Amino acid sequence: MNRWAITAGLLAVVVTAVSLLCVFTWVPQPWLDAPRFDLRWLAGAVLGGGARFFAFRIYRRARIAIDSPIYISVAFQQNVLSAAWLVAAVLAIDGMVRVSWRISRGQSFGASLSRVVLERLYIACAPALVLVLLGVVFRLDQLARPLELRTLLLVVPTFSLSFLSLHYFSAGGLHWFDESNSRELLRGYFFRVIAVELALIPLSFALIVTFTEHGLGLFVLIGTIAIFFSAVYRRAVTTSAALDERLHELSVLNSVGRLLSRTLDRHTLLEALARESCRLVGASSQFILAVPLAGGRAMHCEIYNSAGV
């Protein structure tokens with residue numbers, strides 16, 4: 001897809017989300033209550049920021065955290081617009097902090113700074129827009145308060161599944177645009193993330209019931225404990241990924257060593273080295289071998305794909 005068309009699409013989502021949030025906030029709506037930025041909202045912001053701090057990478061640029069149950073619980077405890085502003089604020093601040101951190105360390109982005117900032121704003125605004133639309137469809141603000149247990153058992157899982165599916169489908173938009181293999185994207189990103197997030201639906205339910213029955217204190221306590229376990233899990237995932245990468249490198253080096261000891265045929269060696277080198281850095285890579293010709297003014301180049309041919 002054309003780069004300018006992608007940029008226009010991302011910008012359209014950001015402008016639409018911000019415009020709707022502002023209009024619905026300042027102009028009373030029959031299906032949405034006015035947002036409330038009180039102590040409960042601030043507690044949700046702190047917990048959401050803490051969850052984002054311990055987010056870990058699961059697929060390329062995509063990170064996963066346990067912040068979704070916090071946004072869902074705020075939507076049920078307070079109202080939809082409060083939750084929408086919360087998710088937009090937390091994700092936008094998280095994105096800007098990560099961009100600033102990379103700039104301070106001199107790391108490159110692979111794109112212009114304006115494009116990176118736009119992508120971060122898209123990641124923040126897309127779930128906020130999804131939350132507002134689903135809140136209207138499910139009529140969350142029209143539910144009788146206090147919320148009945150039977151209502152929660154029916155609505156919370158359905159709403160959570162809908163929000164998570166649409167949220168990560170929209171968040172994956174950055175990958176849909178630049179990914180040629182949609183099957184690998186579905187398997188590596190979408191299904192994996194949704195599977196992890198589905199396990200968090202009971203946490204959403206627990207946060208809602210806890211706040212309804214016991215107030216803000218226990219809600220914050222449970223959220224803090226969840227963030228602590230997220231930090232532990234992040235550490236385990238990071239360590240496991242580093243070990244897997246190291247084992248993969250050692251496996252490739254071992255294969256190359258065995259190949260070198262088996263044959264001295266130049267063509268066979270080059271094919272094997274190309275295949276193993278591409279395996280080491282990724283199947284989409286290519287191996288280029290350049291040999292200077294007599295006189296040094298020209299080069300003989302051979303290009304091999306991941307199959308070594």
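Residues numbered from 1 in each chain as written. Predicted model: local features only at pLDDT ≥ 70, side-chain atom pairs only at ≥ 80, totals over all residues. Heavy atoms only, no water.

For the rest of this paragraph, the subject is the overall build of the chain. Counting its regular elements, the chain contains 11 helices and four strands. Counting only residues that meet the buried cut, the chain has 40% of its 309 residues in that class. The contacts in the chain between residues at least 6 apart in sequence include a share of 70% that link residues at least 24 apart. (Helix = DSSP H or I, 4+ residues; strand = E, 2+ residues; numbered from the N terminus. Buried < 20%, exposed > 50% of the residue type's maximum accessible area, 1.4 Å probe, protein only. Contact = heavy atoms within 4.5 Å.)

With that out of the way, let us pick up the confidence of the model for the chain. For the chain, per-residue confidence averages 79 on the pLDDT scale, and 75% of positions sit at 70 or higher. Across the chain, the secondary-structure element scoring lowest on mean pLDDT is helix 7 (residues 173–178), at 53, and the one scoring highest is helix 4 (residues 80–104), at 92. (pLDDT = per-residue confidence, 0-100.)

Let us look at the packing of aromatic side chains. Per the stated rule, a full pass over the model turns up six aromatic pairs. Taking 5.4 Å as the distance between ring centres and 85° as the angle between the ring planes, the aromatic pair formed by Phe-138 and Phe-159 counts as edge-to-face. You can see Phe-138 sitting in helix 5 (residues 113–138) and its partner Phe-159 sitting in helix 6 (residues 149–171), a full 21 residues away along the chain. Residue Phe-138 is classed as partly exposed on the basis of its relative accessible area of 22%. Ring plane angle 80° and centroid distance 5.8 Å describe the contact between Phe-211 and Phe-219, whose orientation is recorded as edge-to-face. (Phe/Tyr/Trp six-rings, centres within 6.5 Å; stacked < 30°, edge-to-face > 60°.)

What follows covers helix 1 (residues 3–26). Taking 1.5 Å per residue as the helical rise, helix 1 with its 24 residues ought to reach 34 Å, and the 35 Å between its terminal C-alpha atoms agrees with that figure. Burial in helix 1 covers these residues: Ile-6, Leu-10, Val-14, Ala-17, Leu-21, Phe-24 and Thr-25. (Expected span 1.5 Å × (residues − 1).)

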